[in-house]
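# Remarks on the overall topology
So the chains spell out like this:
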Amino acid sequence: MPAAAATPTVALVGTLQSELGCPGDWQPDCPATELLPVDGQPGLYRATFVVPQGTYAYKVALDDSWDVNYGAGGAPGGGDIPLSAPGGPVTFTYDDSTHRVTDDAPVAVGSESAAQWLRKGTVALDLPDDRAGWTYRLWSAPEGGLTRDGDEITGGTSTPLELRGELSAGLRRAYPHLAAYESLRVPAAVQRRLPALLTGQLAVAAYDASGALQLVTGVQLPGVLDDVYPGARERTLGPTWKGSTPRVSVWAPTAKTVALRLQAGGEDGERTVAMRRDDDGVWSVKGKKSWRDARYRFEVEVYAPTTQKIETNLVTDPYSLGLTTDSERSVLVDLRSREVTPSGWKNLRKPAFRRDETPTVYELHVRDFSISDETVPAAHRGTYLAFTDRRSDGMTHLRQLADAGMGYVHLLPVNDIASIEEDRAKQQTPDCDLASYGPASEEQQACVTAVAGKDGFNWGYDPLHYTAPEGSYSTDPDGTARNREFRQMVAGLNGAGQRVVMDVVYNHTPASGQDPKSILDRVVPGYYQRLSATGAVENSTCCANTATEHPMMEKLMIDSVVTWAKEYKVDGFRFDLMGHQPKQAMLDLRRALDRLTVKRDGVDGKRVILYGEGWNFGEVADNARFVQATQAEMAGTGIGTFNDRLRDAVRGGGPFDEDPRVQGFASGLYTDPNGDTVNGSEADQLAALLLAQDRIKVGLAGNLKGYRFVDRTGARVRGDQVDYNGQPTGYTDRPGESVNYVEAHDNETLFDALTYKLPVATSMDDRIRMQSLALATTALSQGTSFWTAGGDQLRSKSFDRNSYDSGDWFNVLDWSKTDNGFGRGLPPKADNEAKWDAMRPLLAEADLKPGRSDIAEASRQADALLEIRRSTPLFALRTRAQVQQKVSFGAGGPDQTPGVITMRIDDTRGARVDRRWKGVVVVFNASPETTTQPVAGAAGKRFALHPVQAGGSDAVVRTAAYDRADGTFTVPGRTVAVFVQR
């Protein structure tokens, strides 16, 4: 006979053990919380304990150890099981056959919210097919406290709901992700009580024909809030001024009360000021002249679904214009006051921008710009005021770029940021001599990481207040200095010939629920954040997603952008993860900006540029909830999106490759192989290169989906018929909608990518040439040309692929052209360790680090590209028809020269756009060998090397030649040559 299986000991473990007689929590060997076998029921274990009122987490562990333990759903090592104990006996049961453990505590209603109240009279619910005979009730509890105990719901009152079948066609269109839901009709009497009902706890319950409770769930409210309070969209929120009298307004329709907590000048502490609620859910109060620059916040009494009770939240103004240090209080700043208005602000002159130009943009981080620049006064380093120091190395460089043709400085987020300590005295620095370690050492990253989150550096993609300047970039973060200094920065950049673009992040907040860094969700819980089908906050963006499909979140975004454009004279906006926002919201924003006029508002809103990341992913992917502001959907809107097709074809591979040595057009694919097997056979490389060349041709033509040319096979195709990883390469309708780039703040810099991909033996001179060639694909393309700061100076981040929190050390930007940032140690472990082995020998190779003369030459070559772009409107064609008429790429087909793209822009075709030249020919020769390229119809014409290149510092490109007799262009290896037709 086999031996009987041993009976395990089963212990309840968790945060309740110390309350039940154990010396501590999470102790599997504590006998006080042991579950005992149930007589007559083999494999079942049970015990009853008197559990004090509170919230706990638990699971079970077997045989006095953690070797075998089970959590939620009976999963081995599974998640903790939550318990809300009312106080008193709770029985726990463990089933060894399923490994599930359960308790009989009453279940609080609303931990999930799967019902959606969409309109005053309609609640939507996803119901099972087997629901014959079911009835439905709406439960409400003004103070919260709904509880399920078996088939009973206690703690509130209920009203019947009527099942009407599928949602109306209009609601299915408005909420496509809910198209399969059923419609429950809300009685008219309940609709009349909506303003009061919406301030408490709500739940929907379903009962079968016998009266047994089949489901109960909380209710999501955004749709009905928009239906009940449509007038709020027309209100002016936040602080406003009429003469010297302020008014403060906040939309809080579900709040029971809202009061202003105010500390005016000279007062020792806060006092409470009552606010009045209007019928549109807006609470407001009219202030006094003495309130100017007062500190304030709101006291909001509101039901919070995350805690299932009424909370009293002390929260700053979502529409804050000014803040105290670390955003602890809002500041009642008057943006018209002399205190925050620099001299000459009203009549600030914008840099000239010709109608026949398209934007050329330089992406820059405020702190990077000056924190290590010793030509900037110490007090200004890392701040807005560094842009007012005209003679600094950094400002000198920006003026030189403007003279060459760079028209915009794009600033990484400069609105209030959640993660940066604003008090400089509290900002930590690495406690190491970072420069003493080797170029491939692990020590630098360890020291930097030790203070990450406590230093003064972060990219800033965690917005806390959308419409107030970041305080860590101000010389005084406590009060209105940040407002004045931001304006001084804009004026300084404009004076240097640069317009200003803000990087804005309206797609998420740093937190939600009752977190101290949750603002919107503590004012109107459950409205501003995008929720899942069960009411959880979606976080596909990285953090707590916002719901710009909800009118009041769209309003917040539009009001914020218009404020920056009008009050700070910002010239453009780049939208982080724009594809998570509705296309319609972006079009509404465009219209709001277009209404701004110089006469009335001080700015020409039509000149404000918009572009963003049109990526398609997450819970909104493929237009699941609304038509998104993605690459494909924004075609024809005039709003730009980043062109990753060009980026990947030029660099090689993609940003998430496991092996970083995948080559591309500008990194030696086929023409200068690096020997890594990841690139495949010679035939594989040739096929990949010719496909990359097709993608680049489409990108050079503004990434137009309808642009026709001869592809690598010899077929005449459209841009949207060229494959990009299963998607169309071309997706725009207007050339200006393509933001062409080969590097940005995300991922490795261009220099680092080329260091990975080019053969190690490639000389520094040739590395500079390949850097310039890569930049030329954006500089000489139709559309917006986008550069990242330092790309013109071989900038490296020592291979860091995600330097958002890597401190000043890895994000160094040296305007003296002494150090490009390469060889500053292995980059931070968290995001880079997987490639450390590939990095080590490269970082240790002294010949891979450029010197001052190398950086200077790269800068000269980059300036030449900008000068060429600016010299002719042929690189800024306005329409699809112009591009199709004038831009061509020769014969194409399988016999085209690998590694060479020849582009002609022929201004003799169609209406002339350039009064100086009749056209240009550009030869991009990425191969190491000299190439001679015929151009149909060029024979006998008057072509010459562009004057910028003919008189420039690059001796190699000066050897490029045009043969008038046969119409051929000869260009040396690793060179971009531009010829003009006279």
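If you're wondering where the values come from, they're calculated on a predicted model, not measured in any experiment. (Residues numbered from 1 in each chain as written. Predicted model: local features only at pLDDT ≥ 70, side-chain atom pairs only at ≥ 80, totals over all residues. Heavy atoms only, no water.)

Membership of the largest hydrophobic core comes to 176 residues, with the highest contact counts inside it found for Trp117, Trp251, Phe573, Phe575 and Leu780. Apart from the residues lying within four places of it in its own chain, the contact partners of Leu780 are Leu700, Leu865, Ile868, Arg869, Phe875, Met903, Val922, Phe924, Val976 and Val978. One finds Val10, Val51, Ile81 and Phe92 within the second-largest nonpolar core, a separate group that totals 22 residues. (Core = buried A, V, L, I, M, F, W, Y, C linked by side-chain atoms within 4.5 Å. Buried < 20%, exposed > 50% of the residue type's maximum accessible area, 1.4 Å probe, protein only. Contact = heavy atoms within 4.5 Å.)

Domains assigned within the chain are domain 1 (10-105), domain 2 (108-228), domain 3 (235-315) and domain 4 (643-794 + 850-981). The centre of domain 3, based on its C-alpha atoms, is set 56 Å off from the matching centre of domain 4. (Domains from an automatic or database assignment.)

For the rest of this paragraph, the subject is the UniProt feature "domain: Glycosyl hydrolase family 13 catalytic" (unreviewed entry) in the chain. UniProt annotation of "domain: Glycosyl hydrolase family 13 catalytic" (unreviewed entry) refers to residues 455-840 when read in the numbering used here. Taken as a whole, residues 455-840 contains 30% helix and 12% strand, while its terminal C-alpha atoms sit 27 Å from one another. (UniProt positions renumbered as here; feature names shortened; annotations may be inferred. Helix = DSSP H or I, 4+ residues; strand = E, 2+ residues; numbered from the N terminus.)

Right, let's get into the packing of aromatic side chains. With the rule as written, the count across this model stands at 34 aromatic pairs. The interplanar angle of 65 degrees and the centroid separation of 5.4 Å between the aromatic rings of Tyr384 and Phe486 together place this pair among those described as edge-to-face. Of the two residues, Tyr384 is situated in the loop between α5 (366-370) and α6 (393-404) and Phe486 in helix α8 (residues 481-495); the sequence distance between them amounts to 102 residues. There is no split in this pair, since Tyr384 and Phe486 are both buried. In this arrangement the basic side chain of Arg292 is found over the ring face of Trp241, its NZ or CZ atom lying 4.9 Å from the centre. Positioned above the aromatic ring of Trp809 is the side chain of Arg824, whose terminal nitrogen or guanidinium carbon lies 3.6 Å from the ring centre. (Phe/Tyr/Trp six-rings, centres within 6.5 Å; stacked < 30°, edge-to-face > 60°. Lys NZ or Arg CZ within 6 Å of the ring centre and 35° of its normal.)

Attention now goes to the packing of helix α13 (residues 644-651) against helix α14 (residues 682-700). Running from amino to carboxyl end, α13 crosses α14 at an angle of 140 degrees, the nearest separation of the two axes being 9 Å. As summarised for this structure, α13 and α14 are arranged oblique, according to the angle between their axes. You can see that α13 and α14 cross each other, and the crossing is left-handed. Along the contact surface, α13 presents Arg645, Leu646, Ala649 and Val650, while α14 presents Ala692, Arg695, Ile696 and Gly699. Classifying every residue of the contact of α13 with α14 gives 5 nonpolar, 1 polar and 2 charged. (Axes fitted to C-alpha atoms, helices over the stretch in contact; angles between N-to-C directions. Parallel < 35°, antiparallel > 145°, perpendicular 65-115°, else oblique. Left-handed = near helix turned anticlockwise from the far one by under 90°. Nonpolar A, V, L, I, M, F, W, Y, C, P; charged D, E, K, R; others polar.)

The next subject is the environment of Ala666. Structurally, Ala666 can be placed in the loop between α13 and α14. Since its relative accessible area comes to 0%, Ala666 is described here as buried. For Ala666 and Gly652, which are 14 residues apart along the polypeptide, the C-alpha to C-alpha distance reads 7.8 Å. Excluding residues within four positions of it along the chain, Ala666 makes contact with Val650, Leu754, Leu758, Met770, Leu773 and Ala774.

This part is about the side chain of His410. By the secondary structure assignment, His410 is in strand β30 (residues 408-411). Among the polar contacts made by the side chain of His410, one reaches the side chain of Tyr611 at a distance of 2.8 Å. Beyond its immediate chain neighbours, meaning those up to four positions away, His410 contacts Val361, Tyr362, Glu363, Leu364, Val501, Asp503, Arg574, Tyr611 and Phe786. (Polar contact = N/O pair within 3.5 Å; in protein donor to acceptor, adjacent residues only side chain to side chain.)

Further remarks concern helix α7 (residues 443-451). What α7 keeps buried is the set Gln444, Gln445, Cys447, Val448 and Val451. Projected down its long axis, α7 carries its buried residues within an arc of 165 degrees, all on one side. Against α17 (807-810), α18 (829-832) and α19 (836-843) lie the buried residues of α7. One or two residues past the end of α7 sits Gly453, with phi positive at roughly 90 degrees. (Arc of directions from axis to C-beta.)

What the rule picks out here adds up to 3 disulfides. A sulfur-sulfur distance of 2.0 Å marks the disulfide that ties Cys22 to Cys30. Its torsion about the S-S bond being -100 degrees, the disulfide of Cys22 and Cys30 is classed as left-handed. Like Cys30, Cys22 is buried. Covalently, Cys542 is tied to Cys543 through a disulfide, its sulfur atoms 2.3 Å apart. Taking the torsion about the sulfur-sulfur bond, which here is approximately -90 degrees, the covalent link between Cys542 and Cys543 counts as left-handed. If you count the bonded cysteines of the chain from the N-terminus, they pair up as 1-2, 3-4, 5-6. (Disulfide = S-S within 2.5 Å.)

As a further point, take the pairing of strand β16 (residues 182-185). Of the strand pairs in this sheet, strand β11 (residues 122-125) and β16 are connected by 4 bridges, and their pairing is antiparallel. Along β16, the bridge assignment pairs Ala124 with Ser183. In this sheet, β16 lies alongside strand β15 (residues 157-166) in antiparallel orientation, the contact comprising 4 bridges. Bridged to Leu163 within β16 is Leu184. (Pairing = 2+ DSSP bridges.)

Negative charge collects at one region of the surface, where Asp29, Asp63, Asp64 and Asp67 lie side by side. Positionally, Asp29 belongs in the loop between β1 (10-14) and β2 (34-37). (Patch = residues over 30% accessible without salt bridge, like charges linked within 9 Å, V, L, I, M, F, W, Y side chains within 5 Å. Areas by Shrake-Rupley, 256 points an atom, 1.4 Å probe, with all protein chains shown as cover. Salt bridge = Lys/Arg side-chain N within 4 Å of Asp/Glu carboxyl O. Lys, Arg positive; Asp, Glu negative; His and termini not counted. Charge placed at Lys NZ, Arg CZ, Asp CG, Glu CD.)

Examined against the element boundaries, Lys918 turns out to sit in the loop between β46 (900-906) and β47 (919-925). Sequence-wise, Lys918 and Arg942 are 24 residues apart; in three dimensions their C-alpha atoms are separated by 9.4 Å. Contact partners of Lys918, with chain neighbours within four places excluded, come to Asp906, Asp907, Thr908, Arg912, Gln981 and Arg982.

Despite not being glycine, Asp63 has its phi angle at roughly 55 degrees, a positive value. Inspection of the secondary structure assignment puts Asp63 in the loop between β4 (54-62) and β5 (69-70). On the accessibility criterion, Asp63 (48% relative accessible area) is partly exposed. With a phi angle near 55 degrees, Lys569 is a residue other than glycine that sits in the positive phi range. Along the chain, Lys569 falls in the loop between α10 (551-567) and β36 (572-575).

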